[in-house]
Amino acid sequence: MKHFAFFLVLIIFILPVSNSQVAFHHVTVEHQDGSQPLATDQPRFSWNFSSEEDNVRQISYRIIVSSSAENARKGVGDLWDTQTILSSKMLNIRYQGKTLHSRDIAFWKIHATLAYGNEGKTVTRESDVKSFEISLLNEEDWSALWLGRPLDDDSLVQKTRIAARYYRKDFSLRNEVVKARLYICGLGQYTAFINGKEVAPEELLKPALSNYLKRVYFNAYDVTDMLKKGDNAMGVVLGGGRYFTMRFNEGEIEWGGQSHIQNYGTPRFFLQLEVTYPDGSTDRVISGANWRLSKDGPIRTTNEFDGETYDERLSLGRWTEPGYDDSQWLWGWAGYPPEGKLTPQPNPNIRVQDTLVPVAMFCKGDAWYLDMGQNMVGYLELQMRNLKLGDTVTLRFAETLNPDSTLFVANLREAEATDRYIANPAVGGQIVKWHPTFVYHGFRYVEITGLRDNPKITDFKGLVFYDEMKTTGEFETSEEIINAVYHNAYWGIRGNYRSMPTDCPQRDERMGWTGDRTTGNYGESYIFDNHRLYDKWLVDGEDGQWGNGSLSDVWPPYWRRYTDNMTWPGAFITVADMLYTRFGDDQPIRQHYPAMKRWMLLMKGKYSVDGIITRDTYGDWCMPPESPELVHSKDTTRITKAPLISTPFYCFLAGKMLQFAQLLGLSDDVDYFRKEIAVTTRSFNEKYLNKEKACYDNNTVTANILPLWFGMVPKDMEDKVFASIVEKTEKDFGGHVSTGVVGIQQLMRTLTEYGRGDLALKLATNDTYPSWGYMVRNGATTIWELWNGNTADPSMNSGNHVMLLGDLVLWYYEYLGGIRALKPGYSKIMLKPYPVKGLKFVNCAYESVSGRIESRWRRSGSRFEWDVTIPANTTAEVLVPTKKGYETKTCANGRYHFSSKL
């Protein structure tokens, strides 16, 4: 047999290394660029390198933190100087210098010595000087008062209604301004203005959502250039957001004797403007009873489910500028602070990150219809001409059309998803451009009525927004269906980021359901740098934890769903694991470990019978043919029983807790969770494993796949149980998916790991029901909530849900692309693709925190050609597929080409 050969392409330069060939690439403090004040006084520093050289490794680093830019440039670390540390570490190095305080500004840079090439030549690099600022961290930093009051027009009944609040204040500054910071929290949502200009207009739906009983987030802005000596003015507009609930039925009792819908109160805000003058003296302008309030502004109603009504006839004019006559306005009403602690927001706000123009427009009766060509999340910006006083332009949104080309809105349930603009040409002019302020919609189609002139297709823009984050993944294959499903996943995932990962963006729900992300978070974090979003979401999870350890199924708990099951709240543990694996960040584990342990002990103590966890709530949700009633069905042949779901998940999560305990040096916990895994596994197998039939219980795919993937199946039974999964999938379901939300989270990886990548590929490329490709063939541009989304009962039929992705995206990157982390943060990488027969090529890339990783392979007959890129200061275990299996080579950073026969 012909011996396998590696063909290694090394880029060797004879010239000395230049700055462009090895350089600092991504330098961050607390996982950001330092432009926003930090929510901690112990920030962490990270960096990586770009390099045209091979075999680049960091020998040492030195971090210098100074009180002035000049000191930092000179290398004087008067706040902190690590001195030279012999280490290759470059991720999450925590500040350990002099104590930092609220408002402190520091300047920092990094020195690094690197070796490169096979000869070990060395080079020293120095980063640019960067700065960071500490936000307000303590109660004593504040002198402002909460400002807000209930108004007669507020309606807290069923479909709630609330008008925006408009607050303003004139103030005078005694000198030129050299520094000014605005600290502001507006609940539920706010926009702020200074001297007629909006503060950070690019940020939307702020601040970040939270459990307002525990914490409320404030934002901080540099507004130095917006102020002037003499007369100034500030204005704040408040909407209800999630603070004033979108739905409320008084007396509706669910879940533990409480109303399952949480309402926190009417809008209110807290503001502190701090101004520094040239002589170093300071002034403060704060929220308080001397502010003026109007409830009669143009935003008449705002409700995230139902939309926004804007009445230009009620325009307040130049109310955010100094000298405005507010004598008829109400006085502000100080008081009514929220229960939660005022906390600096750690994650970025939502921004517009894409823009769509309609691909088609048509008229039907008196209505115009737009097709955006893509199911998107955001709102529509439109331009209108020649409207008359009182004309009402109405925009209705939907994901799909009825056969008669009208909007299909049944799947929105009770959400009205309607925006209205009421014209006043004397203010808006003959050509008006408008979009709402405090709402968003999930839609592909828009119905517009009330226009006087025929519109142009260029009059409309779909503004796509979600939490600010970079796209870090690239993925493409030779299979059209896989590429289309990946496209749909990309749009569905980012469309469901609303300072929490939501289930859907269009109907009267839009909640942070945990079960949708228990495994999905791992795949999402390849496509997007969602580090800070998920880090914040874990805080939401713990903030909602009850004293007995119970975790809500929804974070934040705007719906009180404390049902005690393993699979949904299990995201509390898996998300922390993802943040450590993907980003090298162990802080979420350290921060939340006690809360995780309380939850695990609750589930064990309350629901364990003879080693079996008996409690489950949702079953293998949405298994095909989808019907929520299947959970309670008497048809036991298709239903995976509760213990067959909860017990394997308990075992799996105990394994994660064991790893966390090892990381934290908690030896007693290591022993406890190791024993729990052993006892639970033994009890589970004794009760449910049918060795004669080589299956668990009633032989559903989910009942077999969970214990197999979670390592509970005895070694001598693994292949047999796997054979039962394959037989069930191929014979009983014709090579189609048969699992619901729980089983789908392990399906693709299990099939591939146990040698049936071909069957996994079939599932990934099917275009008949039930499959992801079936969605594509039936016009989906995002992922449906149900496998039969084109025919299902509209009461539960979102066109933009990501829960059925399961482990598919993770499989794309880690199995087809073959990119995995051997050490947290990809300081050590595994490259191991599965070139499944039927795929001609895969192009996969991931911008990890350690640098860009690429895996691009082609298969032609028996020939396999593979190009990889390994980032500087990392190493990789490269497993090249061959006819005999895999051959392994340890590689330093660089670009490589491998060739083999399969």
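Trainee: So what about the sheet that holds strand β14 (residues 179–187)? Which residues, and what values?
Mentor: Across the sheet, which stays open at both edges, the 5 strands sit in the order β22-β21-β14-β18-β27 with mixed pairing between neighbours. Each edge of the open sheet carries a strand with a single partner, namely β22 (282–286) and β27 (341–344). The mean angle between the axes of side-by-side strands here comes to 20°, regardless of whether they run parallel or antiparallel.

Trainee: Could you give an account of helix α3 (residues 480–495), with specific residues and numbers?
Mentor: Each turn of an α-helix holds 3.6 residues, which means side chains three or four residues apart point in the same direction. Taking 1.5 Å per residue, 16 residues should reach 22 Å; α3 reaches 23 Å between its end C-alpha atoms and fits that length. Counted residue by residue, α3 has 13 buried out of 16 residues, so it is predominantly covered.

Trainee: Requested: an account of the nonpolar core, with residues and values cited.
Mentor: Grouped together as the largest cluster of nonpolar side chains are 195 residues, with contacts concentrated most on Ile448, Met600, Trp811, Tyr812 and Leu831. When sequence neighbours within four positions are dropped, the list of residues in contact with tryptophan 811 reads Met748, Arg749, Thr752, Ala760, Leu761, Ala764 and Leu816. Within the second largest apolar cluster, 29 residues are counted, among which are Val22, Leu38, Leu100 and Trp108.

Trainee: If you had to explain the pattern of salt bridges to someone new, which residues and values would you point to?
Mentor: Side chains that differ in sign of charge can pair as their charged atoms come close. Counted according to the given criterion, the structure contains 61 salt bridges. A salt bridge links glutamate 304 to arginine 498; the nearest nitrogen and oxygen atoms lie 2.5 Å apart. Here arginine 498 lies in the loop between α3 and α4 (520–527) and glutamate 304 lies in the loop between β24 (299–303) and β25 (307–311), a separation of 194 residues in the sequence. Here glutamate 676 makes a salt bridge to lysine 604, at a shortest N to O gap of 3.2 Å.

Trainee: Now, about unusual backbone geometry: what can you tell me, with residues and values included?
Mentor: What is expected of a backbone is that most residues other than glycine have negative phi and most peptide bonds are trans. Backbone torsion omega between tryptophan 555 and proline 556 reads -20°, so that peptide bond is classified as cis. For the bond from tyrosine 769 to proline 770, the omega torsion is -10°, close enough to zero to count as cis. Located in the positive-phi region is alanine 200, a residue other than glycine, with phi close to 50°. Mapping alanine 200 onto the fold places it in the loop between β16 (197–198) and β17 (203–204). Although it is not a glycine, cysteine 622 adopts a positive phi angle of roughly 65°. Following the sequence through the fold, cysteine 622 ends up in the loop between β40 (612–613) and α8 (642–664).

Trainee: Let's hear about the environment of lysine 901: which residues, and what values?
Mentor: Relative to the helices and strands, lysine 901 is located in strand β48 (residues 885–901). With relative accessibility at 43%, the residue lysine 901 sits in the partly exposed group. Each C-alpha atom, one on lysine 901 and one on threonine 882, is 5.5 Å from the other, the two residues being 19 residues apart in sequence. Those residues in contact with lysine 901 that lie beyond four places of it in its chain are Ser862, Arg863, Thr882 and Lys883.

Trainee: How would you sum up helix α7 (residues 587–607)? Please name residues and give values.
Mentor: Here α7 spans 30 Å end to end across 21 residues, near enough to the 30 Å set by a 1.5 Å rise per residue. The largest bend in α7 comes to about 55°, at tyrosine 593, with the proline proline 594 one to four residues further on. Those residues of α7 that sit buried are Pro588, Ile589, His592, Tyr593, Ala595, Met596, Trp599, Met600, Leu602, Met603, Lys604 and Tyr607. Of the surrounding elements, those touching the buried residues of α7 are α5 (531–543), α6 (571–583), β39 (608–609), β40, α8 and α9 (667–688).

Trainee: Quick rundown of the side chain of serine 724? Include the residues and the values.
Mentor: Take serine 724: it is sitting in helix α11 (residues 718–732). Take serine 724: its relative accessible area is 8%, and that puts it in the buried class. Among residues more than four places away in sequence, those in contact with serine 724 are Lys693, Ala694, Cys695, Asn699 and Asn704.

Trainee: Describe the sheet that holds strand β15 (residues 189–194), with residues and values.
Mentor: Strand order in this open sheet of 6 strands is β16-β15-β19-β13-β23-β26, and the pairing throughout is antiparallel. Both outer strands of the open sheet, β16 and β26 (330–331), are each paired with one neighbouring strand and no more. Taken together, the 9 bridges between strand β13 (residues 165–173) and strand β19 (residues 230–239) define a ladder with antiparallel strand orientation. Counted as the bridge partner of serine 172 is aspartate 231 from β19.

Trainee: Which residues make up the side chain of asparagine 375, and what values go with them?
Mentor: Along the chain, asparagine 375 falls in strand β30 (residues 367–385). In terms of polar contacts, asparagine 375 uses its side chain to reach the side chain of glutamate 399, at 3.0 Å. Apart from residues no more than four positions distant in its own chain, asparagine 375 is found in contact with Glu399, Gly442, Phe443, Arg444, Trp491, Thr781, Thr782, Gly799 and Asn800.

Trainee: Which residues make up the pairing of strand β10 (residues 121–126), and what values go with them?
Mentor: Here 6 bridges tie strand β9 (residues 105–116) to β10, and the two strands are oriented antiparallel to one another. The residue of β10 that forms the bridge with leucine 114 is valine 123. Counted between consecutive antiparallel strands, the loop separating β9 from β10 contains 4 residues, among which glycine 117 sits at a positive phi close to 75°.

Trainee: Could you give me a rundown of the packing of aromatic side chains, with the residues and numbers involved?
Mentor: Taken as a whole and judged by the stated rule, the model has 68 aromatic pairs. With a centroid separation of 6.1 Å and 55° between ring planes, the pair formed by tyrosine 486 and tyrosine 812 is classed as tilted. Placement of tyrosine 486 in helix α3 and of tyrosine 812 in helix α15 (residues 808–816) is noted, with a sequence separation of 326 residues between them. For the residue pair tyrosine 486 and tyrosine 812, the accessibility class agrees, reading buried in each case. Ring geometry for tyrosine 497 and tyrosine 534: centres 6.5 Å apart, planes at 90°, overall edge-to-face. Taken as a pair, tyrosine 497 in the loop between α3 and α4 and tyrosine 534 in helix α5 lie far apart in primary sequence, 37 residues in all. Three or more aromatic residues link up through ring pairs in this structure, and these residues are Tyr466, Tyr490, Trp491, Tyr497, Phe528, Tyr534, Trp537, Trp555 and Phe572. Taking NZ or CZ as reference, arginine 510 lies 4.9 Å from the ring centre of tyrosine 440, over its face. For arginine 820, the ring lying beneath its charged end belongs to tyrosine 815, and the centroid distance is 4.3 Å.

How each quantity is defined
- Residues numbered from 1 in each chain as written.
- Predicted model: local features only at pLDDT ≥ 70, side-chain atom pairs only at ≥ 80, totals over all residues.
- Heavy atoms only, no water.
- Pairing = 2+ DSSP bridges.
- Helix = DSSP H or I, 4+ residues; strand = E, 2+ residues; numbered from the N terminus.
- Axes fitted to C-alpha atoms, helices over the stretch in contact; angles between N-to-C directions.
- Expected span 1.5 Å × (residues − 1).
- Buried < 20%, exposed > 50% of the residue type's maximum accessible area, 1.4 Å probe, protein only.
- Core = buried A, V, L, I, M, F, W, Y, C linked by side-chain atoms within 4.5 Å.
- Contact = heavy atoms within 4.5 Å.
- Salt bridge = Lys/Arg side-chain N within 4 Å of Asp/Glu carboxyl O.
- Bend = angle between axes of the 7 residues up to and from the residue.
- Polar contact = N/O pair within 3.5 Å; in protein donor to acceptor, adjacent residues only side chain to side chain.
- Phe/Tyr/Trp six-rings, centres within 6.5 Å; stacked < 30°, edge-to-face > 60°.
- Lys NZ or Arg CZ within 6 Å of the ring centre and 35° of its normal.

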